[in-house]
Amino acid sequence: MVELQDSEHRSQGRFRLGDWVVEPALNRVSSGGTTHTLEPKAMQVLVYLADRQGQVISRQELSERIWGDVVLVEGVLTRIIHILREVFEDDHRDPRYIETIRKSGYRLIQPVVREGDAIASDAGPAAGDAAAPPRRRVRRRVLLAGAAALLLAASGFVFLDGVRERPSPPAAVPSCFPLTAYPGRERHPCFSPDGDRIAFCWDCGDGGGFDIYVRQVDTDNPLRLTRHPEDEIFPVWSSDGGTVAFLRRGGGGGLYTVPAMGGAAARLYGFWAEPTGLDWSPDGRYLVVALRPEADAPHALIGFEPATGAVSALTTPPPDCWGDLYPAFSPDGGAVAFVRSDAAGFQDLHVLSWDRREVRRITHGQRRVVSVDWLPGGEKLVFCAKPGGAYQLWTVGLDGGDPVWLPTRHETAMRPAVSPRGDRLVYEALLVGTDIMQLHLDPDLSPAGCPVPCVSSTAIDHSACFSHDGARIAFVSTRSGTPEIWVRDAEGGTATRITHLEGATLGAPCWSPDSRRLAFSVADGERYEVAVCDLESGQLRRVHPAGAHEIVDFWSMDGRWLYCHTPVVAGREYFRVAPDGLRAESLALPQTGLLKQSPDGDLYYVTWGDGSLWRRSPETGGDTLLVRSFLHDEWQDMAVTDGGVLYTDGTEDDRFLAYLDLASGDWRKIHRFTEMIGGGIAVSPAGDRALFEWQSIGCDLMLMADLP
């Protein structure tokens, strides 16, 4: 990390890049009367390239130095480069500022002139890559994603998770009242050792990053402890309550401490990988952080001793999973609870014995567990998981019995933190709305008006798809209390509930070519299986139960196959199965992140890693490269039309619908979204309508005063 620190120090002053003046401290670039404010990550990438002007900097090096998590950040880096090119009005086909070096990385080819310095080098421009549309990537892991990721996973792999049966709640709902009601999002609460103060992170609602705050439980004036452009998250307290430790993302990322009454932050330990949890032992001797020990390794629990600086690996998760997340020390410090996640998002509680370093699994078949803490006495855990379509709080004993629902006054409750005295609990109340919007399109795919609601309710509606005759829409909704498949006419009318699975995990539905059946994935145990529902009879049949996750993506145009995938850490393994379940075969695709079908039955897929768009004939198996570096993230989605690909693109604050003409290779923006959109996109068979998901997100902290 020394090199990055030196780079940041050297580049805080202004410098000139061609006609532009760059001011890193202000995240600003200007030329003449034009000024652009860059997001902090874009400025950090620009500074890093400027400090090494003329050198080819690999994607991996940029990812490690700026973000840390190579798997997560590759698409983000592509988006950042696109933002910089737009600001500098640079053409990647004939670059003057940033050149893409195929299969290598990027280099800054415009001379850098610093205040008081000579030109750093005189490298000239070179030819860039072939034409490609802009691209972006949103962080994929639950902790690192924006709040939208808490509800929506990758398109075609969108699930609202549930359990087979919700246990009966306690006799009374504990009293809850708002601890914070600030604009923006307040997250990651943690009680001080005396239980009188709360540390948390807050983004102030101004579009900036998270900083660390502390406030008394019975007052409303928070004390700001940090002020940094990078996100600072997961605050935890020292045993004496005098210090708060936290994690900083991005440039200069690492483990930091700051005095609880205010003062300068100090870095204890630097790392390049994105962290996913932190806790401090009750005796103050150890800090445990969840992060990747190596670029291609899953997250593991890493121990750090502040007194000596010693670092040690505490867990070794299986190589085919996302890893170990959200550590939490038991009240006596003898054990650490954590969450272990597989590649499909099944996440279960485990407990590490501190002395013996033995790991024991506590729960089985949980989905989307994003935090855990200990109840008084150290015999039970309280955690957050997704029953019935929304995050809720649950308790479970260390003997691994059935989890018990801990009701709150909010539909979505997350990240519980228990006071040391055990009499109070604070949690995040996620305020979420999700509807399906419709955008009418002219014959040239230009928007005909503004988006209007297509499927709207007070519940969560998502994963809409048109039937092949264009007459109906199928979607997933929690309007009945748990995720179910619903169908309604495309032109409106009352929706009809198709499934009655009462809390099972459901995948996005897809229609048979004759529009008489729906296929989707369902999990009421520990594995996703493919299911087919006949709409006339209502019969639901499991098609192809297997030992691995099987998630259906679409039904072939000829009706012979259901195309499915098994999620793995590096993309998806695709296969196809006959609707009767009697035949199944692998597609033998390269590492693939996204697979779609065109109206004529051809397959279009995006390769994992380089994000190139390919076409495959399902009959001959021949593959044709269409566009290099098309998409880099499964959070995006696309729909293949008769002549091109409709897809979402842009930054988190500026997203739009785009169209790629496959004949000419040209792309253009179709519509700029003013709302937050999810991962799903669907186009009607006639190409006159596009559906997408609209979301609104907020987060406050709630205090449960009489914890049962």
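Positions within a chain are numbered from 1, following the residues in the order the chain's sequence is written. Only residues with pLDDT of at least 70 get local features here, since the model is predicted, and only at 80 or more are side-chain atom pairs given and counted; chain-wide, interface and lining totals rely on the full set of residues. Hydrogens and water are ignored here; the side-chain numbers use all heavy atoms of the structure.

Asks: What should I look at first to understand the environment of D279 in this one?
Replies: With respect to the helices and strands, D279 occurs in strand β18 (residues 278-280). For the exposure calls, accessible area comes from a 1.4 Å probe over protein chains only, and a residue counts as buried if that area is under 20% of its type's maximum, exposed if over 50%, partly exposed in between. Here D279 falls in the buried class, since its relative accessible area comes to 16%. Taking the C-alpha atoms as reference points, D279 and A290, separated by 11 residues in sequence, lie 9.4 Å from one another. Dropping the residues within four chain positions of it, D279 is found in contact with V236, Y286, L287, V288, P327, A328 and F329. Here a strand is any run of E in DSSP of at least two residues, a helix any run of H or I of at least four, and the numbering for each starts at the N terminus. We call two residues in contact whenever any of their non-hydrogen atoms come within 4.5 Å of each other.

Asks: How do you make sense of the pattern of salt bridges when you look at a structure like this?
Replies: A side chain with one charge may pair with a side chain of the opposite charge, provided their charged atoms come close. Each reported salt bridge corresponds to a side-chain nitrogen of Lys or Arg within 4 Å of a carboxyl oxygen of Asp or Glu. Within this structure, the stated rule accounts for 24 salt bridges. Residue E23 is joined to R14 by a salt bridge in which the shortest nitrogen-to-oxygen separation is 3.5 Å. On the basis of relative accessible area, E23 is assigned to the buried category, the value being 12%. Owing to a relative accessible area of 40%, R14 belongs among the partly exposed residues under this scheme. With a closest N to O distance of 3.1 Å, D231 and R249 form a salt bridge.

Asks: Can you walk me through the sheet that holds strand β17 (residues 266-270) in this structure?
Replies: Sheet strands line up and pair through hydrogen bonds in the backbone, either parallel or antiparallel. Only strands joined by at least two bridges in the DSSP assignment are considered to pair. The strand order β14-β15-β16-β17 describes an open sheet built from four strands, whose pairing is antiparallel. Strands at the two margins of the open sheet, each flanked by one partner only, are β14 (232-237) and β17. Direction aside, neighbouring strands of the sheet carry axes that sit 25° apart on average. As paired elements, strand β16 (residues 254-259) and β17 share four bridges and run antiparallel to each other. Looking at the pairing, G254 lines up with G270 of β17. Think of each axis as a best-fit line through the C-alpha atoms, taken over the contacting stretch in the case of a helix, with angles from 0 to 180 degrees between the N-to-C directions.

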